[in-house]
Amino acid sequence: MCLGSDDIAVSLGTSDTVFLSLKKLPEEGFPEGHILTNPIASSEEYMGLLCFKNGSFTRERIKKAIAEDSWTLFNELLDSTPRGNFGNIGFYYDLQEILPKVNAGDHRFNREGLKLLRFSGLEIEIRALIEGQFLAKRVYAEKIGCQISKDTRVLATGGGSINHKILQVLSDVFNASVYIQDTMNAADLGACYRLKHALQEGSMLKFSEIVGSKHGFSLCCVPSPDSSEIYDPMVQRYIELEQSIQLLSKTST
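Residues numbered from 1 in each chain as written. Predicted model: local features only at pLDDT ≥ 70, side-chain atom pairs only at ≥ 80, totals over all residues. Heavy atoms only, no water.

Quick notes on the overall build of the protein chain
As a reminder, the rule being used: Every helix listed is a DSSP run of H or I at least four residues long, and every strand listed is a run of E at least two residues long, numbered separately from the N terminus. Throughout this description, buried means an accessible area under 20% of the type-specific maximum (1.4 Å probe, protein chains only), exposed means over 50%, and partly exposed covers the range between. Contacts are assigned to residue pairs that have any heavy atoms within 4.5 Å of one another. The protein chains shown are the only cover counted for residues, whose accessible areas, like all others here, come from Shrake-Rupley with a 1.4 Å probe.
Along the backbone of the protein chain there are seven helices and 10 strands. A principal-axis box enclosing the C-alpha atoms of the protein chain has dimensions of 60 × 40 × 30 Å. Sorting the 253 residues of the protein chain into buried and exposed places 47% on the buried side. Partitioning the intrachain contacts of the protein chain with sequence separation of at least 6 by distance along the chain shows that 71% fall at a separation of at least 24. Summed over its atoms, the accessible surface of the protein chain is roughly 12800 Å², and 53% of this surface lies on carbon and sulfur atoms.

Shown next, in the form of structure tokens:
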């Protein structure tokens, strides 16, 4: 995908994955996730990779349960709820999660931080799911050293990237523009470019020069003007609520 220094790649699939380039290791260490040598940059740069086990299967479960197994209805309900979801936040884990390491189960909280058995509407449930998944990705990306700026681009790939309503939430939560590729097989395409780059050993060509403009990302979504105002405080609330879930998970094992 030829990530630049300001790019964050988000793959939406069975498991959701976030990967990004890092100029240095996290200052306080990072006990979760993966940090690798950046294969297309200098030896002094790194690549962070974060995997979230509950991705598309969890989105499919909620779609089947409350949106009549219809993405059209799912998107309509998502769009009918304002950004920030009236302060409601949800955590949905069909399987034991990786980031964070918690047991399977659904957790719903209102704006006061009180745990709920259910939300008051189907549309709130759907937005809580999507916002919650993307808040988690932003939280852990920032933990590993990501710094979101006006130049940040989110590059979306995977099967879920065909849903532009979901990608709009991604753009809002990260307060960054989202770009998509004209192919869903980004891993296959990237492997081919990596092989071509390797065969050019000794030519001193950069990976970006090998790829050129062929990787063809196009703009899909731009963040809403009030995204930072809404989601920056939600990030902190998400961290606090996640900690309460982790504590509950530890006491139940």
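The rest of the description comes next.
Things to note about the sheet that holds strand β9 (residues 177-181)
We count it as follows: Two strands are said to pair when DSSP picks up at least two bridges between them. An axis is simply a line fitted to the C-alpha atoms; with a helix, the fit covers only the stretch in contact. Between two such axes, the angle follows the N-to-C directions and lies from 0 to 180 degrees.
The strand order across the open sheet built from seven strands is β3-β4-β2-β1-β8-β9-β10, with neighbouring strands paired in mixed fashion. On the outer flanks of this sheet lie β3 (34-37) and β10 (217-221), each paired with one strand and no other. With strand direction ignored, the average angle separating the axes of adjacent strands in the sheet is 30°. Pairing geometry for strand β8 (residues 153-157) and β9, over four bridges, is parallel.

Looking at the pairing of β8
Rules: Call a crossover right-handed when, viewed with both strands pointing away from you, the route from the first strand across the helix to the second goes clockwise.
Across the five residues that make up β8, a large majority, four, are buried. Of the pairings in the sheet, the one linking strand β1 (residues 7-11) to β8 comprises five bridges and is parallel in character. For valine 10, the partnering residue across the bridge sits in β8 and is alanine 156. Assessed by its sense of winding, the connection that carries the chain from β8 through helix α4 (residues 164-174) to β9 is right-handed.

So, the nonpolar core
Going by this rule: Within this scheme, the nonpolar core is defined by two criteria: the residues are buried Ala, Val, Leu, Ile, Met, Phe, Trp, Tyr or Cys, and they are joined through side-chain atoms within 4.5 Å.
Ranked by size, the top nonpolar core spans 55 residues in total, and within it Leu50 and Leu170 carry the most contacts. When residues of this core are assigned to their parent elements, the largest contribution, 11 residues, is made by helix α3 (residues 122-143). In this structure leucine 170 touches Val10, Phe134, Val154, Ala156 and Val178, once residues within four positions along its chain are discounted. In terms of nonpolar packing, the next biggest core, distinct from the first, is built from six residues, Ala9, Leu155, Tyr179 and Phe217 among them.

Here's the deal with the side chain of aspartate 7
We apply this condition: Here a polar contact is recorded for every N or O atom pair within 3.5 Å, except that within protein the pair must consist of a potential hydrogen donor and a potential acceptor, and residues adjacent in sequence are included only if both atoms are side-chain atoms.
Mapped onto the elements of the fold, aspartate 7 is located in strand β1. On the basis of relative accessibility, which here comes to 7%, the residue aspartate 7 falls in the buried class. At a separation of 2.9 Å, a polar atom in the side chain of aspartate 7 contacts the side chain of arginine 153. In this structure, aspartate 7 is in contact with Cys2, Leu20, Arg153 and Leu155, ignoring residues within four places of it in sequence.

Side note on the packing of aromatic side chains
Put simply, the rule is: In summary, the pairing rule links any two rings of Phe, Tyr or Trp, Trp by its six-membered ring, whose centres are within 6.5 Å, and it sorts them by plane angle into stacked for under 30 degrees, edge-to-face for over 60 and tilted for everything else. Whether a charge sits over a ring depends on NZ of Lys or CZ of Arg being within 6 Å of the ring centre and within 35 degrees of the ring normal.
The tally for this structure, following the rule as stated, stands at four aromatic pairs. Relative to phenylalanine 74, the ring of tryptophan 71 has its centre 4.9 Å away and its plane inclined at 70°; by these criteria the two rings are edge-to-face. Taken together, the residues tryptophan 71 and phenylalanine 74, both in helix α2 (residues 71-79) and three residues apart, mark about one turn of the helix. You can call tryptophan 71 partly exposed: its relative accessible area is 30%. Counting every residue linked through ring pairs, the aromatic cluster contains Phe91, Phe109 and Tyr238. Looking at lysine 137, its charged tip hangs above the ring of phenylalanine 52, at a distance of 4.8 Å from the centre.

Concerning the environment of leucine 78
By the element assignment, leucine 78 lies in helix α2. For the pair leucine 78 and glutamate 125, spaced 47 residues apart in sequence, the C-alpha to C-alpha distance is 8.8 Å. Contacts of leucine 78, omitting those with residues within four sequence positions, involve Ile126, Arg127, Ile130, Lys165, Ile166 and Val169.

Notes on empty space enclosed by the protein
Stated formally: Here a cavity denotes grid points, spaced 1 Å and computed from the protein atoms alone, that fit a 1.4 Å probe unable to get out, and a pocket denotes an open set having protein on both sides within 12 Å along at least 5 of 7 lines; residues with an atom within 4 Å of a point are the lining. Grid points are joined across faces, edges and corners, and a volume is the space filled by probe spheres set on the points. Each residue is assigned to one class: nonpolar for Ala, Val, Leu, Ile, Met, Phe, Trp, Tyr, Cys and Pro, charged for Asp, Glu, Lys and Arg, and polar for all the others, Gly among them.
Enumeration over the complete set of coordinates arrives at two cavities of 30 Å³ or more. Considered as a void within the structure, the largest cavity measures approximately 120 Å³ in volume. Among the elements of the structure, β5 (89-93) and α3 are those that each provide at least two residues to the lining of the largest cavity. Here the lining of the largest cavity takes five residues from α3, the largest share from any one element. Here the lining of the largest cavity is built from residues that sort into nine nonpolar, four polar and two charged.

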